[in-house]
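Chain and residue survey
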Amino acid sequence: MELIYFLFMKNTGWVGNILSTPHISNSHSNSHFKLQKRVKAGISWQQLPMDCSPTFCVPGLWNPFTIFCNRSSRRRRRLHSLGLAAMPEKRPFERLPADVSPINYSLCLKPDLLDFTFEGKLEAAAQVRQATNQIVMNCADIDIITASYAPEGDEEIHATGFNYQNEDEKVTLSFPSILQTGTGTLKIDFVGELNDKMKGFYRSKYTTPSGEVRYAAVTQFEATDARRAFPCWDEPAIKATFDISLIVPKDRVALSNMNVIDRKPYPDDENVVEVKFARTPVMSTYLVAFVVGEYDFVETRSKDGVCVRVYTPVGKAEQGKFALEVAAKTLPFYKDYFNVPYPLPKIDLIAIADFAAGAMENWGLVTYRETALLIDPKNSCSSSRQWVALVVGHELAHQWFGNLVTMEWWTHLWLNEGFASWIEYLCVDHCFPEYDIWTQFVSADYTRAQELDALDNSHPIEVSVGHPSEVDEIFDAISYSKGASVIRMLHDYIGDKDFKKGMNMYLTKFQQKNAATEDLWESLENASGKPIAAVMNTWTKQMGFPLIYVEAEQVEDDRLLRLSQRKFCASGPYVGEDCPQWMVPITISTSEDPNLAKLKILMDKPEMSVVLKNVKPDQWVKLNLGTVGFYRTQYSSAMLESLLPGIRDLSLPPVDRLGLQNDLFSLARAGIISTVEVLKVMEAFVNEPNYTVWSDLSCNLGILSTLLSHTDFYEEIQEFVKDVFSPIGERLGWDPKPGEGHLDALLRGLVLGKLGKAGHKATLEEARRRFKDHVEGKQILSADLRSPVYLTVLKHGDGTTLDIMLKLHKQADMQEEKNRIERVLGATPSPELIQKVLTFALSEEVRPQDTVSVIGGVAGGSKHGRKAAWKFIKDNWEELYNRYQGGFLISRLIKLSVEGFAVDKMAGEVKAFFESHPAPSAERTIQQCCENILLNAAWLKRDAESIHQYLLQRKASPATA
């Protein structure tokens, strides 16, 4: 499953203590759902940046692990005083009993697209492994009408009652006699609701080309929502085959995991047909899917003969061609990489109007947000094309890694998502080498994971998961981005040849079965002969990552390096007594060949020394070639001084320039070095040509700007932003030049948006001119320029500007354009207009999943916007929480809305609000947000004055600053 993490592009078990004398009811007493006709449409939920001498020394870098300890200890005491240092208690749970398990589900569903209900019939071939008089299954928001069990060759036994345990999402079927060991058939008739919560079997609103509002019936089962569509054993390790039938209006498209094998008229209604699908392979319930709606499609066959289709809204088949091209290239790539064929006869990719995540890897029927699948050749921007390529690569990787071989339990979710989040880049690099996608990985995933993992309230990659409410918490940057980063590090440590060999061994051994993390390590260890488990356990079973401190000494013709590792903490140097240790694969390069590792070592102790042979005194030495190792590096003053010219003259590779800058920024944020020194380093990027390096610089300057919005010198940091970005903006200009490509388009949009938001006069004037021509139809803006132009005119506009933007939103036929506008509305400056945007966020004009990005854009737009968004969330909490029903997007909403505060008391206010308005699936996110607020406050107190003085000094003497 692909989550939505970035505003720019793109983030279990149950207590079954049945009472000895349970309440047995024959009246379908599930209090979660009472079947009734609903003709009105409910709201559902969805979701998804120089003047400097050639060399200078950054002081304050010596002996990093002993300074600031008192401050760090005080901050941790502050966390404890707010109750933020300890994670919430785990809810008790029990997995389903093993006495009865499914072999095959024969499932027939009849959705009513007008009343938003469905009827279901289940006939499950089951195995009774231990004699029992009850069957415990997962069931939520479903009413069972009748249930019976027929032992093979024996008479049917009717259940005498159904006991729903709503909190644990279970039902116990009780029988009047003992079910003996052996096989039999479990029959259940049931009814349910096509809900508006974007989980389970739900309704998705769309508009026909003629303007009529209609609904599709679609599914989203991961992690634990198959139980909302049919009673089942809803655990990933309880696999079975599925025979699915759908009874649907004859003018609707019906899809499921497998190909259609029969379509015939339904006896009771000439307007209805019954569609039967082929039997699936053995698979987990969370991967089952079905869709009923109106769609067009484009199709092709991969070179391996697999039928590939992309389903689009009616009239938009052309917009499916890019994803179709990517999918047709991707399937053979994965088949060759894994040396395991794709096991199904077809793969469908379908755009769903209301969809909470980015996409979902249902086996053979992958569901996507429209913006994650559809590309308009004329109106889609370069970043959208790139994102679609990545999401398609991610979901198709799951067809092997996750679907063919499935995690044994949600504790191993990271194995699915971390691996897919890594190999999607490998796939896109294969299909589109011009994207320089691995450099972008560092900015999009690696540094983002490190930012979260430096918190006291992070969690290990492998985290024990119990109750369903805990599962959504781990769909985060640790499972996805840190998981991907450590697999990237592991791939580099092993080498591609042995890595592929080990992957084939793993997939072959466990196909159609379940596996745990240790199983993958065993296969890779057997393939490589390296201590994979010993190394990787230090990365997956403990949270955090190391800071490697390095100092150097020239010894004749050699360079002696002294390395030490300590846990990196966002609050400053680690001060605990028992410091965690990692086994760290370390690469070392020199200026002799910046792209080649002169030495590779495995650092398996707290301190070690290494000797680099034949390194001249004037050559620089750098750790972490390619920014592959998941650690931060702190250099001694002399080593850093020797590296900085490599930024100006570009002799350091782009990904190493990015990594060096990002490490320094994080060290400043943690109080280990001064923020002023990092600002000086940023000014050295005046000659930088690389998009991803600029993207990371932009992101870090955005974080700093948000921090300084709490001061009275916010405009000074905007002047700094303009000074840093003006030269590259002038070189790029507004219009593409002959020979430019994908990355130039991304860079131009990034730079113009940054300059426009900061109020760069020439950029603002040109943005207003082009916007006027666009609105009047004289010269339509290119897709790559729309976001920066919209942002600029809104940031420096008025009510008329906002009204024009809302009109453009209403007129937009493409969801990408609507989302593009929604994300920038929060830039509007006045308090009255901000309230108008917030009201708009909850209106029918915004798809429920996109409300989050509108509110988040307001919170990120200004200091006033942040306060207004927080008040709006508090005032509308009941509606927002009910809309998202505790899914991972509620975590996203909270994070976007409150993380930018920088006053200690706000951490207490946020904590107090969620104590009285619980959001169980967001508990960890709330802890992390409160911790970040305290960190921001400490950073502001520590460095605000020195930053102010530096900016004033630059302003007073710009030629020598």
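Residues numbered from 1 in each chain as written. Predicted model: local features only at pLDDT ≥ 70, side-chain atom pairs only at ≥ 80, totals over all residues. Heavy atoms only, no water.

Of the regular secondary structure elements, the protein chain holds 28 helices and 29 strands. Its C-alpha atoms give the protein chain principal-axis dimensions of about 90 × 65 × 60 Å. When the 961 residues of the protein chain are sorted by exposure, 65% land in the buried category. Of the roughly 34000 Å² that the protein chain leaves accessible, carbon and sulfur atoms contribute 51%. Across the protein chain, the 105 positively charged side chains and the 123 negatively charged ones have centroids separated by 3 Å. (Helix = DSSP H or I, 4+ residues; strand = E, 2+ residues; numbered from the N terminus. Buried < 20%, exposed > 50% of the residue type's maximum accessible area, 1.4 Å probe, protein only. Areas by Shrake-Rupley, 256 points an atom, 1.4 Å probe, with all protein chains shown as cover. Lys, Arg positive; Asp, Glu negative; His and termini not counted. Charge placed at Lys NZ, Arg CZ, Asp CG, Glu CD.)

Glancing now at the sheet that holds strand S28 (residues 621-623). Pairing is antiparallel across the open sheet formed by three strands, whose spatial order is S26-S25-S28. Taken across any chain shown, the strands that pair with only one partner, and hence form the sheet edges, are strand S26 (599-603) and S28. The mean angle between the axes of side-by-side strands here comes to 25°, regardless of whether they run parallel or antiparallel. (Pairing = 2+ DSSP bridges. Axes fitted to C-alpha atoms, helices over the stretch in contact; angles between N-to-C directions.)

We now examine the sheet that holds strand S2 (residues 117-128). Hydrogen bonding along the main chain pairs the strands of a sheet, whether they run parallel or antiparallel. Strand order in the open sheet made by the eight strands is S5-S4-S8-S2-S1-S11-S14-S13, with mixed pairing throughout. In the strand order of this sheet, the two ends are held by strand S5 (157-158) and strand S13 (260-266), each with one partner. Relative to strand S8 (residues 182-193), S2 is paired through 12 bridges, and the arrangement is antiparallel. Across the sheet, Ala-124 pairs through a bridge with Leu-186, a residue of S8.

Taken as a whole, this structure holds 47 aromatic pairs when the rule is applied. Taking 5.3 Å as the distance between ring centres and 70° as the angle between the ring planes, the aromatic pair formed by Phe-545 and Phe-630 counts as edge-to-face. A residue pair is termed long-range when its members are at least 10 positions apart, and Phe-545 in the loop between helix H10 (532-540) and strand S23 (546-555) and Phe-630 in the loop between S28 and strand S29 (632-635) qualify at 85 residues. With a relative accessible area of 0%, Phe-630 lands in the buried category. (Phe/Tyr/Trp six-rings, centres within 6.5 Å; stacked < 30°, edge-to-face > 60°.)

Volume-wise, the second largest pocket comes out at about 870 Å³. In terms of lining residues, the second largest pocket is bounded by 37 residues, among which Lys-205, Tyr-206, Thr-207, Gln-815 and Arg-847 are the most central. Elements with a minimum of two residues in the lining of the second largest pocket: strand S9 (200-207), strand S10 (213-220) and helix H21 (815-824). At five residues, S9 tops the list of elements feeding residues into the lining of the second largest pocket. Here the residues of the lining of the second largest pocket are counted per class, giving 16 nonpolar, seven polar and 14 charged. (1 Å grid on protein atoms, 1.4 Å probe; cavity = no way out; pocket = protein on both sides within 12 Å on 5 of 7 lines; lining within 4 Å. Points joined across faces, edges and corners; volume = space filled by probe spheres on them. Nonpolar A, V, L, I, M, F, W, Y, C, P; charged D, E, K, R; others polar.)

Now for unusual backbone geometry. Glycine aside, residues mostly have negative phi, and peptide bonds are mostly found in the trans state. Residue Ala-223 is reached from Glu-222 by a cis peptide bond, and omega for that bond is 10°. Looking at the secondary structure, you find Ala-223 in the loop between S10 and strand S11 (241-249). Even without a glycine there, the phi angle at Met-198 is positive, about 60°. Among the structural elements, Met-198 can be located in the loop between S8 and S9. Under the relative-accessibility criterion, Met-198 is labelled buried at 3%. For Gln-512, which is not a glycine, the phi torsion comes out positive at approximately 60°.

Moving on to the packing of helix H27 (residues 904-916) against helix H28 (residues 923-956). Where H27 meets H28, the closest approach of the two axes is 8 Å, and the angle between their N-to-C directions is 170°. Between H27 and H28, the angle falls in the class roughly antiparallel. Residue-level contacts link Asp-904, Met-906, Ala-907, Val-910, Lys-911 and Phe-914 of H27 to Ile-926, Cys-930, Ile-933, Leu-934, Ala-937 and Lys-941 of H28. When the residues that make up the contact of H27 with H28 are grouped by side-chain class, the tally is nine nonpolar, no polar and three charged. (Parallel < 35°, antiparallel > 145°, perpendicular 65-115°, else oblique. Contact = heavy atoms within 4.5 Å.)

Looking now at the pattern of salt bridges. Taken as a whole and assessed by the stated rule, the structure comprises 56 salt bridges. The closest approach of N and O atoms between Glu-235 and Arg-95, which form a salt bridge, is 3.6 Å. Placement of Glu-235 in the loop between S10 and S11 and of Arg-95 in the loop between helix H1 (69-81) and strand S1 (100-112) is noted, with a sequence separation of 140 residues between them. Of the residues examined, Arg-95 reaches a relative accessible area of 31% and is grouped as partly exposed. Within the structure, one salt-bridge network assembled from shared partners comprises Asp-141, Glu-169, Asp-225, Arg-227, Arg-228 and Asp-234. (Salt bridge = Lys/Arg side-chain N within 4 Å of Asp/Glu carboxyl O.)

To continue, consider helix H25 (residues 877-884). Along H25, the residues that are buried comprise Trp-877, Leu-880, Arg-883 and Tyr-884. Mapping the buried residues of H25 onto a view down its axis gives an arc of 135°, with all of them on the same face. Looking at the buried positions of H25, the neighbouring elements they touch are helix H22 (831-841), helix H23 (851-861), helix H24 (863-875), helix H26 (888-898) and H27. (Arc of directions from axis to C-beta.)

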